[in-house]
Amino acid sequence: MRMRQSGSPARITALAGGIGGARFLRGLIAAAPDAEITVIGNTGDDIWIHGLRVCPDLDTVMYTLGGGISEERGWGRQDETFTVKDELAAYGMEPSWFGLGDRDIATHLVRTQLLAAGYPLSAVTEALCLRWAPGVRLLPMSDERAETHVVVDEEGGTQRAIHFQEWWVRHQARIPARAFVLVGVDDAKPAPGVIEAIEGADAVVLPPSNPVVSIGTILQVPGIREALGRTPAPVVGVSPIIGGRPVRGMADACLTALGVETSAAAVAAHYGARDAGGVLDGWLVDDADAGDVDTVARLGIACEARPLLMSTPDDTRAIAAAALDLAARLRS
Ligand code: FO1
């Protein structure tokens, strides 16, 4: 593995979803300040709202690392107002359940205009990042549209698919998901630079993002799972489940929909060991799940227990450093 003087890997690639993933990335930058970090962002949450293209997970990474995030919400901008949202509601415009902030709308106006001008999402994301300078290269998983829809029960025993955002925001994931469908994924390709970032990395990290609708979505883009299977870089993940519960968000509702137990070991098994056709070489679990270490190790995944709560920036840096340390030991 190419290492910098500071001992951190030279090139790190991370697959990231929204809030938990973005917070972890702040720690990753602190743990490897002179590494080149590429983030492959989930775009399955993307949605057209009032004629604007909204990319929640790309924006959460960009705002969080760029210093513009609303810390209390974990999404959207700090110092935000919702005047336009209220005006749209006054006209009776739906959906009214999705909160577009006034500052945030500027991002979507820029993105929508650049997309309309014919620029691919990867170029648009690069342009938006010129302002925010997140300190990483942020790539969408694909330039093609692939949106997560959720199959839910309807009255009368039929089922229908609703956009992920409607399930997540309007229904707070409280109606059971029968399946997740990534609409358009068959025609989606990895965005430019994505495969190279995986194959050319010295370490690949899976942050504690939602393993189903964030990391799992990225792994569905044709070519990405295969690239993870063949990269010489060790692939180390951080469990998003601590003590049988997700730290935030509704990963449990997502895992249940797939019939996967909400546990650190079950998520590792769900990702699979690389030498068994999966994607993981290493897996960090919280001390609360130290009892899972042997189970995970028997899957062929190196597993270590340590505190995983990202309570402070220094805690987060230490978690990221532990992931990089495990990767370095797996590589040597
Ligand atoms: N999440 C909510 O719970 N309520 C909202 O009204 C909401 C609006 C919103 C607007 C822009 C954006 O980028 C994200 C937004 N989110 C909202 C969060 C979003 O649903 C999730 O962050 C991701 O899709 C899942 O990671």
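See the structure shown above.
Worth saying up front: this structure is predicted, and the values here are computed from it rather than measured. Every chain's residues receive numbers from 1 upward, in the order its sequence appears when written. In view of the model being predicted, local features appear only for residues whose pLDDT reaches at least 70, and side-chain atom pairs are presented and counted only at 80 or more, with totals across whole chains, interfaces and linings using the full set of residues. To obtain the side-chain values, all non-hydrogen atoms of the structure were used and water was disregarded.

Visitor: Any chance you could break down unusual backbone geometry for me, citing the residues and the numbers?
Guide: Trans is the common state for peptide bonds, and a negative phi is the common state for residues other than glycine. A cis geometry characterises the amide bond from Glu94 onward to Pro95, with omega recorded as 0°. Helix and strand labels come from DSSP, where a helix needs a run of H or I of at least four residues and a strand needs a run of E of at least two; each type is numbered from the N terminus. Tracing the chain through its elements places Pro95 in the loop between helix H3 (83-90) and helix H4 (102-116).

Visitor: Give me the site of the ligand: which residues, what numbers.
Guide: The environment of the ligand is made up of 13 residues, and the closest members are Asp45, Pro56, Asp57, Gly99 and Gln165. Within the side chain of Gln165, a nitrogen or oxygen atom sits 2.6 Å from an oxygen atom of the ligand. Each accessible area is a Shrake-Rupley result for a 1.4 Å probe, and residues are judged covered by the shown protein chains and nothing else. The protein chains hide 89% of the 530 Å² of surface that the ligand would expose on its own. When contributions to the shell around the ligand are tallied by element, the ones reaching two or more residues are helix H2 (56-66) and helix H6 (164-170). For this classification, the nonpolar set comprises Ala, Val, Leu, Ile, Met, Phe, Trp, Tyr, Cys and Pro, the charged set comprises Asp, Glu, Lys and Arg, and every other residue, Gly included, is treated as polar. In terms of residue class, the shell around the ligand is made up of 7 nonpolar, 3 polar and 3 charged. Throughout the structure description, domain borders are defined by an automatic or database domain assignment. Looking at which domains feed residues into the shell around the ligand, each of domain 1 (11-74 + 104-143 + 187-331) and domain 2 (147-183) supplies at least three. One heavy atom within 4 Å of a molecule or strand is enough for the residue carrying it to be called near that molecule or strand. N or O atoms closer than or at 3.5 Å make up a polar contact, with two conditions inside protein: a donor-capable atom paired with an acceptor-capable one, and, for residues adjacent in sequence, both atoms drawn from side chains.

Visitor: Kindly report on helix H1 (residues 19-31), identifying the contributing residues and their values.
Guide: Helix length check: H1 (13 residues) gives 19 Å between terminal C-alpha atoms against 18 Å at 1.5 Å per residue, within 8%. Only protein chains enter the calculation, and the probe is 1.4 Å; a residue is then buried if its accessible area is under 20% of its type maximum, exposed if over 50%, and partly exposed in between. Those residues of H1 that sit buried are Gly20, Gly21, Ala22, Phe24, Leu25, Gly27, Leu28 and Ala31. By definition, residues are in contact when any of their heavy atoms lie within 4.5 Å. Next to the buried residues of H1 lie strand E1 (11-16), strand E2 (36-41), H2, strand E9 (203-206), strand E10 (235-238) and helix H13 (313-331). For a helix, the expected span equals 1.5 Å multiplied by the residue count minus one.

Visitor: Go over the nonpolar core, please, and point to the residues and values.
Guide: Nonpolar core, defined: a set of buried Ala, Val, Leu, Ile, Met, Phe, Trp, Tyr and Cys residues in which side-chain atoms within 4.5 Å join the residues together. Ranked by size, the top nonpolar core spans 55 residues in total, and within it Leu15, Trp167, Ile224, Leu228, Tyr271, Leu280 and Trp283 carry the most contacts. For this core, the element with the most residues is helix H11 (residues 264-271), which contributes 6 residues. When residues of this core are sorted by domain, at least three fall in each of domain 1 (11-74 + 104-143 + 187-331) and domain 2 (147-183). Apart from the residues within four sequence positions on either side, Leu280 is in contact with Leu206, Val235, Val236, Gly237, Ala268, Tyr271, Gly272, Ala273, Arg274 and Ile301. Among the nonpolar cores identified, the runner-up in size contains 40 residues, and Met62, Ala203, Leu308 and Leu326 belong to it.

Visitor: Go over the sheet that holds strand E14 (residues 302-305) with me, naming the residues and quoting the values.
Guide: Following DSSP output, two strands are said to pair if at least two bridges run between them. Pairing in this open sheet of 7 strands is parallel, and the strands run E5-E2-E1-E9-E10-E13-E14 from one edge to the other. Sheet topology places strand E5 (137-140) and E14 at the edges, where each strand pairs with a single neighbour. Geometrically, the sheet is characterised by an average inter-axis angle of 20° between neighbouring strands, direction not taken into account. As defined by bridge partners, E2 adjoins E5 across 4 bridges and the pair is classed as parallel. Bridge assignment links Thr38 to a residue of E5, and that residue is Arg137. Set on the sheet, H1 makes contact with E1, E2, E9 and E10; between it and E1 the angle comes to about 170°. Interaxial angle, 0 to 180 degrees, is taken between N-to-C directions of lines fitted to C-alpha atoms, where a helix line uses only the stretch in contact. Of the strands in this sheet, E9 and strand E13 (282-285) are in contact with H11, which crosses E13 at around 160°.

Visitor: So what's going on with the pairing of strand E6 (residues 147-153)? Which residues, and what values?
Guide: One face of the sheet, then the other: side chains in a regular strand alternate in exactly this way. The element E6 is extensively covered by neighbouring structure, given that 6 of its 7 residues are classed as buried. Note: E6 against strand E8 (residues 179-183), 5 bridges, orientation antiparallel. Paired with Val150 across the bridge in E8 is Phe180. In terms of strand pairing, E6 meets strand E7 (residues 159-163) through 5 bridges, oriented antiparallel. Residue Asp153 lies in a different strand from E7, and its bridge partner there is Gln159.

Visitor: Give me the pattern of salt bridges: which residues, what numbers.
Guide: Salt bridge, as used here: a side-chain nitrogen of Lys or Arg that lies within 4 Å of a carboxyl oxygen of Asp or Glu. Evaluation of the coordinates by the stated rule reveals 14 salt bridges. Of the charged contacts in the structure, one is a salt bridge between Arg23 and Glu71, with a shortest N-O distance of 4.0 Å. With Arg23 in helix H1 and Glu71 in the loop between H2 and H3, this residue pair connects regions lying 48 residues apart in the sequence. The exposure class of Arg23 is partly exposed, given its relative accessible area of 23%. Taking the shortest distance from any N to any O, the salt bridge between Glu144 and Lys189 comes out at 3.2 Å. In this pair, Glu144 is assigned in the loop between E5 and E6 and Lys189 in the loop between E8 and helix H7 (194-199), connecting sequence segments 45 residues apart. Owing to a relative accessible area of 27%, Glu144 belongs among the partly exposed residues under this scheme. Here the salt bridges share partners, and the residues they tie into one network are Arg23, Arg26 and Glu71.

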